[in-house]
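Observations on chain architecture
Read off the chains here:
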Amino acid sequence: MNSDNGEVDDQTFFHYRQGGDVIWATYHGPNIRMGTLTGIVNEDGTLEFNYQHVNLDKKIMTGFCKSTPSFDSDGTIRLKEEWQWTNGDLSKGTSEIVELVEKDNFKPII
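Note that the structure is a prediction, hence the values are computed from the model and not measured.

1. Section: the packing of aromatic side chains
Under the defined criterion, the tally for this structure stands at four aromatic pairs. Between F14 and Y27, the aromatic rings sit 4.8 Å apart at their centres with planes inclined by 20°, giving stacked as the arrangement. Placement of F14 in strand β1 (residues 13-19) and of Y27 in strand β2 (residues 22-29) is noted, with a sequence separation of 13 residues between them. Classification of F14 as partly exposed rests on a relative accessible area of 22%. Centre to centre, the rings of Y51 and W85 are 5.8 Å apart; their planes meet at 70°, and the pair counts as edge-to-face. On the criterion of sequence distance, the pair formed by Y51 in strand β4 (residues 47-55) and W85 in strand β6 (residues 77-85) is long-range, its members being 34 residues apart. Accessibility assignment for this pair places Y51 and W85 in one class, buried.

Laid out in structure tokens, this is it:
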């Protein structure tokens, strides 16, 4: 789920990693050829990060995000996100990212 002004959709795949309070990820999807994010885990468990990606129009898009993790009854991680572009129209939006069981299926579209 994503705001209309975003480029992430329900076919965008993220591969998150964590080392202590540092997080990073790579991502791709139908509208995104390749993306990366880098951030921190705050003491309250929220995530703050900057992201950048190359979209299908070969434009580099950048922004920042604050995510609030929660757990479904089956233990699945869900991230509710509030984000803003730092280039282009500088608009804001929301997204929701849901963990998949199969985690090692990342293939960038380049």
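2. Remarks on the environment of H53
Checked against the element boundaries, H53 lands in strand β4. By relative accessible area, which is 3% here, H53 ends up buried. Separated by 19 residues in sequence, H53 and M34 have C-alpha atoms that sit 5.5 Å apart. Beyond its immediate sequence surroundings of up to four residues, H53 is in contact with E7, Y27, I32, M34, G35, K59, I60, M61 and W85. Engagement of the side chain of H53 in a polar contact is seen with the side chain of E7, the distance being 2.6 Å.

3. Comments concerning the pairing of β6
Pairing of strand β5 (residues 60-71) with β6, which is carried by nine bridges, proceeds in the antiparallel orientation. In the sheet register, F71 faces β6, and the bridge partner there is I77. Counted along the chain from β5 to the antiparallel partner β6, the turn is five residues long, and its residue G75 has a positive phi close to 90°. Bridge analysis of β6 against strand β7 (residues 92-98) gives seven bridges, and the strand direction is antiparallel.

How each quantity is defined
- Residues numbered from 1 in each chain as written.
- Predicted model: local features only at pLDDT ≥ 70, side-chain atom pairs only at ≥ 80, totals over all residues.
- Heavy atoms only, no water.
- Phe/Tyr/Trp six-rings, centres within 6.5 Å; stacked < 30°, edge-to-face > 60°.
- Helix = DSSP H or I, 4+ residues; strand = E, 2+ residues; numbered from the N terminus.
- Buried < 20%, exposed > 50% of the residue type's maximum accessible area, 1.4 Å probe, protein only.
- Contact = heavy atoms within 4.5 Å.
- Polar contact = N/O pair within 3.5 Å; in protein donor to acceptor, adjacent residues only side chain to side chain.
- Pairing = 2+ DSSP bridges.

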